[in-house]
Amino acid sequence: MRLHRLRVVDFAAIRDANIEFGPGLNVLYGPNDLGKSTLADAIRLALLLPHTSTHIEEYVPWTGGRDPVVEMTFETEPQRIWRVRKEFRKGGTALLQESKNGVDFDDVERARKVDGKLRDLLSWGIPEPGGAGGSKGLPTSFLATVLLSTQSDVTSVLNDSLQGDPSGTGRERIAAALSAVAQDPLFVALLRATQSRRDEAYTDRGAKKTAKGSVFKAAADRLNEVRDEKETLQKLVDDSESVERMLRELTARRGQCGEAVAMAAERLGTLERLALEAVALAEATEQVRLAQAEVTRIQRIGSDVDAAARNVEDLSGKAEQAEQTLKLAEGLQTEAATVLEAAEEAVRPAGSDAAMTDTVARQRLELRKAAADHASREAQQQIDGAMGAQTLVDAAATAEREHRAHQAEADGARVMLSTATAKQQVVDDQLRRVDALERALDAQVADEQAAVAQADVDRDAVLRARLAAEIGEREALAGRRATITVPESAALVPMRRLDTDLAAARGALNVGLFVTVTPRVPVDIRVHKDGTTADSVSTAKPMDIEANTEVDVDIVNVATVRVRGGRREAQRTAESLEERWNREVAPHLAAANVSDLEGLSARVAEAQGLDLNIKTKDAELESLHGEIASLADSARALLEASDRARVCRAALRDTQPDTLAAELTGLGADPPGALRKRRQQLSGDLEMARATASQVGTAHTLAEERGRNSRSALDAAVVARDAALAMFPQGIPTTLSAAQAALSAASNEQEMIAAELASMESAIAAENARIDAALRGARATLEQARAGVDVAQAERTKSIAEHALQLGRLDALQRQRDAEDLATAENRFRDAAERHATVPVPERVVAEAEVQTARTVTARAKLELEGIEREIQRTHGALEQVGGAVARERLRDAIEAFELAERQEREIEADYEAWRLLLDQMKEADAAQASNLGQALGPAIAVRFEALTQRRYESVRLTAQLGTEGVVVAGAVRPTERISVGTREQLSTLYRLSMAEYLRTTVVLDDQLVQSDDTRMDWFRALLTEKARQFQIVVFTCRPSDYLSASAMVPKGKAIHKDTDGEFVRAIDLGRALRPR
Amino acid sequence: MALPARELGDTRVRIGCVHGCTFDMDGYQTNFPICRDAGIQRGLDYLAIGDTHSFRDVTETSSVPTVYPGAPEPTNFDEPGAGCVALVALFRHGLRPRVEAESVAFWRWIDRRCRDINELRTVLTTQDLDRHVVRLHLDMTVSVAEESEVERIVRDLQGTDATHGRAGALLVDRTNLRLQPGSGGVFPDDLPPVVKDTIARLDRLIADASDEAEKARATRALAHLYKLLQNQEALAGRAL
């Protein structure tokens, strides 16, 4: 590295400085307190300090002003020229630029990245800023100590080493520079690789790297990731198992329920089977009974036929017997008739005419009698017909009466139906009225809600207006408050204390002064006392001046006399307090635009009042915001309520809400409840009316039906009656009377004929008494014979009739028997019997109620089973949601992945622990084997140190980490603390120069050799001049002659620097290059 | 199922495809249950079911084959019958179709447990290794030199950023891969003294270790060193 240019602005005591460095030895000189060390610090800070570090505070100009700025241009290798500019303090900036020609720069890094890049370029063993273990202040390292020395600790290099470097880059750089003489290349490569692997996992302080990008972080992230996934899946599986458990329970319940259903179904089946068996058995029994009855009936017909046949046969016998009896009786009659003829023949000569006459008369009477009988029969027939017609008339009247009764019943039912319908209609109307009332009530409620919502909307508008007003007032207050700049009220207390102290201090100065000026020649005197200015006085007389605290007497062109009261200490105290007053109080007074603390207090009070008012306003605003927020839905509520009211009114259709208002008012305190009650009551009434109407309708229908039937009967009766009446055009009573009269006349005629006949008969009898007496025997015999014939005939007729009757019956029975199929009936009977035999006999009698109960139980069990099935379906659905076995599989995979990640994390940890152990062991071995930097660098320092000290010291012993063990004197190592300060400074300087030489980099020496004698300084001057051709050396000194010859100094004039020795030596006069504050 | 039953006289060939489970595997999830005789009930001639990955004919004795053709590629090590498609020859309705499993998988999933370095070496000889997903269980104790070879073989199988692995995919279980404690004379004699000293120090740590973890750490450090040396020698064109 080589510095080109340094520019410093507002940096500690330096207002600005602009220095251009030469390539070799640069001697920057100037008097004490000029800022040389500050410039050295500026170089250090430009290279190492992050621009936002608080470490810069000690470089902020004491007198205030702008933030410190350092800009430095340097070159790391040919055509790689860098310019870093840092404006320090919080909020500052940093910029790193690169150039090939030193003129045209390109931005490389900005802000925080600037320091990372710089440290990378320097490779001084300082890690990038940030991260755990990073330095918060000015970072340091062994190379920083060596190459950027400080005047305050010249020999620090002897107490430092690479051991304390936070990063290995310094060692690597030195090792690279010293590689030719340092470690075995293989070992270096191994060490570098091991270090690299170790650094992947651990910080420079040995802590595990846990930041993003570290191996542990990656493994931990992976582990956390898979752990999270595992836990998520575990939860899923837990949920799944819970669902599965539920599913199992449900399945078990389904099984139980299924069993219950099966049992119930089985029981129901058994009961139904028993019931069916009982029914089937009953039916079969009935079938058997019917078939048996049929067979018995047919058999009975056969028996009847047989019996009838036997009867016919008996009757046939009886008829033959009666025929024989008749033949016998006829034979007897013939004999008796023969006897009678003989008797009559005997009688005939005596009375044939009389008998003829009697016969004629008797025949005449017989004819009359036949006519009377005929008339009587006809009359009786007339009477019967009239009575039949009268019966039909009566039947028609009865039918009419019945019809009228049914008609009356139908009319009554119709009236009742009409009444019931009317009642139903009334209830319907009332219900519709209730509907209307409810809708009206809804509309009313919606109107009320709309009114409330409207009120809310109005209130919202009012509140918003009020909010706007309050905001305006608050802004006004805030505006007023913004114009007042006052400190916290608590700050007034120390201000008052300071005021008091200041007053006391000033009081201590207010001792009263009396000064007498006695001129010896006339002089012009201007007097200032106690801060006031008096006019100039030209006088030659003594002049007395009286003041409280101070008097300035300006004797023009002669002297200025200042007299101040009080002791020096008191004055300092007062000055200090005044300074504090100016610093701590005066700005506040000026800001508050007041002149004293009372005014400031008033302003503070005013500000507090305003703050309080603003807070009150804020609270009010918050309250208003809250109220407005609570009314945010009012517009929507208004809209909804209006819509609702509109819908309700639309539902009312033609009903005017006003007409319902009175009725609604009459509903009492709880209209919805009253309407609900009324609706319930009306619903009950309506149901009742409907039931009544239904019953009455049924009755009406029945009555109508009965009326129609009676009407048909009446019509039939009327037709029959009219037909009957048509046969009696004179009317039934007339016909009946005539018939009864005819019957009576016929009866009288019959009686008269009977009497005449009886009279004639008695006459004939008397006449014929004798004949009869004669004939009586014959006739009696004949009569007996006739009677016998009649009896025989009657018997025969009876037999024949009976025989014919029985024959007809037999014939009918035979036909009936022939019509019947006994074999089929018997087969049917057999089949029925067989079926009956096959029909199972139920074990027990089952009641219908029992079957019904079983059905109910079965249905209930099925219902429960269906419910469980639905629950199972739902649970299945839930199981699909939570994953089931898939989730378990994924969990198994996740557990596997988690275990793998755990193993990998352990592996990584063990791996990197092994790398760390290897690195430690290599370092220890390295140290032990002394293949170290100290061995490489030590001789170079030792040779020069020997030369410098003229072999007073034999060697310098350095550790592997370049720590200085001591110097070898007489074969013994002596700690450097035991050599003189000057020699220690020289040894330190040699160390720095040697290191810079190996690294081919700039070394800054800030007055390092102040304790050296001239001889050694000459030696160093020669060494520096020689080394200036190899690397850049920057020396800050207040004694330039120690480093420069007189001719190399910057000549008087404006030149800032002067180059000599072929431009390898540059003298820089900081008195010209630097402007102090 | 919404599929209507086959009508009488309908002789068309009917094929069903459905996702679900026929409950023929114990413990398998019961989502989307399917009757074993669903094919018969629905008048199908062939019913293909998608759910599990292995080929299975669950109704070999039925007139209607109900088949899980499985996934055309296995997706895990425990899917022995996966990687097939079902070749189905359908003749006419009522005649049982002929169903054959045809392997079509590109990948083979193998689980290998290696108990010594020779078994591990034989893995490299597996035919068509690039079509295999290999899960390697290293169940062996090796020296640091052998461990280096183990790593090399694993690297060969797995591939690097620059080279393809010989195996299609590789999972390595090193849970039971143990290192023999100590350098065991595997390091060359011509190492720089400082390296020899490092090895000696690690050997001493192993010998003096009070617990196995410390011993294992030191052994692993030796293995790291051995691999570093191998790399260095490789860079130098020499064999370690």
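Reading the values: rules and limits
- Residues numbered from 1 in each chain as written.
- Chains lettered and ligands numbered in written order.
- Predicted model: local features only at pLDDT ≥ 70, side-chain atom pairs only at ≥ 80, totals over all residues.
- Helix = DSSP H or I, 4+ residues; strand = E, 2+ residues; numbered from the N terminus.
- Contact = placed C-beta atoms within 7 Å.
- Buried ≥ 20, exposed ≤ 12 C-beta atoms within 10 Å, placed from the backbone.
- Axes fitted to C-alpha atoms, helices over the stretch in contact; angles between N-to-C directions.
- Parallel < 35°, antiparallel > 145°, perpendicular 65-115°, else oblique.
- Nonpolar A, V, L, I, M, F, W, Y, C, P; charged D, E, K, R; others polar.
- Core = buried A, V, L, I, M, F, W, Y, C linked by C-beta atoms within 7 Å.
- Pairing = 2+ DSSP bridges.
- pLDDT = per-residue confidence, 0-100.
- Expected span 1.5 Å × (residues − 1).
- Bend = angle between axes of the 7 residues up to and from the residue.
- Left-handed = near helix turned anticlockwise from the far one by under 90°.

To continue, consider the overall build of chain B. Of the regular secondary structure elements, chain B holds five helices and 11 strands. A separation threshold of at least 6 residues defines the contact pool for chain B, and within that pool the share at least 24 residues apart is 56%.

Turning our eyes to something else, we now look at the overall build of chain A. Each helix and strand counted, chain A has 20 helices and 21 strands in total. Split into buried and exposed, the 1077 residues of chain A put 30% on the buried side. Long-range contacts, defined as pairs at least 24 residues apart, comprise 76% of the intrachain contacts of chain A with a sequence gap of at least 6.

Residue and element names in this part refer to chain A. The N-to-C vectors of helix H7 (residues 492–509) and helix H9 (residues 597–630) enclose an angle of 170°; their axes lie 11 Å apart at closest approach. Taken together, the axis directions place H7 and H9 in an arrangement best described as roughly antiparallel. Each of Leu-492, Met-495, Arg-496 and Asp-499 in H7 lies in contact with H9, whose residues at this interface are Leu-597, Leu-600, Ser-601 and Val-604. Taken together, the residues that form the contact of H7 with H9 break down as five nonpolar, one polar and two charged.

Looking now at the nonpolar core. Counting residues in hydrophobic clusters, the biggest one holds 91 residues, and the most contacted among them are A:Leu28 and A:Ile43. In this structure A:Leu28 touches A:Ile19, A:Lys36, A:Leu39, A:Val1034, A:Val1035, A:Phe1036, A:Ile1068 and A:Leu1070, once residues within four positions along its chain are discounted. Counting residues in hydrophobic clusters, the runner-up holds 41 residues, among them A:Ala925, B:Val144, B:Val150 and B:Ala223.

It is worth spelling out the interface of chain A and chain B at this point. Taken together, the contact pairs 30 residues of chain A with 22 residues of chain B. Those elements that place two or more of their residues in the side of chain A that touches chain B are helix H5 (185–201), helix H15 (848–882) and helix H16 (885–929) of chain A. Here the element with the most residues in the side of chain A that touches chain B is H16(A); it accounts for 18 residues. Here the side of chain A that touches chain B is built from residues that sort into 16 nonpolar, six polar and eight charged.

Two pairing modes exist for strands in a sheet, parallel and antiparallel, and in both the strands are linked by backbone hydrogen bonds. All names here are of chain A. With respect to topology, four strands assemble into an open sheet ordered E10-E9-E12-E13, the strand pairing being antiparallel. For this open sheet the edge positions go to strand E10 (532–539) and strand E13 (559–564), each flanked by a neighbour on one side alone. In this sheet, neighbouring strand axes are inclined to one another by 15° on average, regardless of whether the strands run parallel or antiparallel. The pairing of strand E12 (residues 550–555) with E13 spans six bridges and is antiparallel. For Glu-550, the partnering residue across the bridge sits in E13 and is Arg-564.

On average, chain B scores 87 in pLDDT, and the residues at 70 or more come to 92%. Quick note on the complex model: pTM equals 0.37, ipTM equals 0.77.

Turning our eyes to something else, we now look at helix H3 (residues 144–158) of chain B. For H3(B), which comprises 15 residues, the first-to-last C-alpha distance of 20 Å matches the rise-based estimate of 21 Å (1.5 Å per residue) to within 8%. Taken together, the buried positions of H3(B) are occupied by B:Val144, B:Ala145, B:Glu147, B:Val150 and B:Leu157.

This part covers the sheet that holds strand E17 (residues 1003–1006) of chain A. All names here are of chain A. Pairing is mixed across the open sheet formed by five strands, whose spatial order is E17-E18-E3-E20-E19. Each edge of the open sheet is held by one strand with a lone partner, namely E17 and strand E19 (1057–1060). Ignoring strand direction, the axes of neighbouring strands in this sheet form an average angle of 15°. Pairing between strand E3 (residues 25–29) and strand E18 (residues 1033–1037): five bridges, direction parallel. Bridged to Leu-28 within E18 is Phe-1036. On the sheet, helix H1 (residues 36–48) packs against E3, E17 and E18 and is oriented at approximately 155° with respect to E17.

Below, the discussion takes up the environment of A:Gln1032. Mapping A:Gln1032 onto the fold places it in the loop between helix H19 (1014–1027) and E18. A:Gln1032 sits 1010 residues away from A:Gly22 along the chain, and the two C-alpha atoms are 7.8 Å apart.

Okay, helix H8 (residues 568–592) of chain A next. Residue and element names in this part refer to chain A. For H8, built from 25 residues, the straight-helix expectation of 36 Å at 1.5 Å per residue is met to within 8% by its first-to-last C-alpha distance of 34 Å. Along H8, the sharpest change in direction is near 45° and occurs at Val-585; proline Pro-587 comes one to four residues later. Of all the residues in H8, the buried ones are Ala-574, Leu-577, Val-585 and Ala-592. Summarising the contacts, the buried residues of H8 are in contact with H7 and H9. Phi turns positive one or two residues past the end of H8, at Asn-593, with a value near 60°.

This paragraph deals with unusual backbone geometry. Residue and element names in this part refer to chain A. Even without being glycine, Asn-593 reaches a positive phi, approximately 60°. The topology assignment puts Asn-593 in the loop between H8 and H9. Asn-593 gets classed as exposed once you count the C-beta atoms within 10 Å, which come to 12. Look at Glu-1063: it is not a glycine, yet its phi comes out positive at around 70°.

Before going further, it helps to examine the packing of H7(A) against H8(A). All names here are of chain A. With their axes 9 Å apart at the nearest point, H7 and H8 run at an angle of 150° to one another. Comparing their axes, H8 and H7 come out roughly antiparallel. Taken as a pair, H7 and H8 cross one another with a handedness that is left-handed. Contacts between H7 and H8 pair Met-495, Leu-498, Asp-501, Leu-502, Ala-505, Arg-506, Ala-508 and Leu-509 from the former with Ala-570, Gln-571, Thr-573, Ala-574, Leu-577, Glu-578, Arg-580, Trp-581, Glu-584 and Val-585 from the latter.

Attention now goes to the environment of A:Ile868. All names here are of chain A. Relative to the elements of secondary structure, Ile-868 occurs in helix H15. With 21 C-beta atoms counted inside 10 Å, the residue Ile-868 sits in the buried group. Taking the C-alpha atoms as reference, Ile-868 lies 8.4 Å from Cys-257; in sequence the two are 611 residues apart. Not counting the four nearest positions on each side in its chain, Ile-868 is found in contact with Leu-250, Arg-253, Arg-254 and Cys-257.

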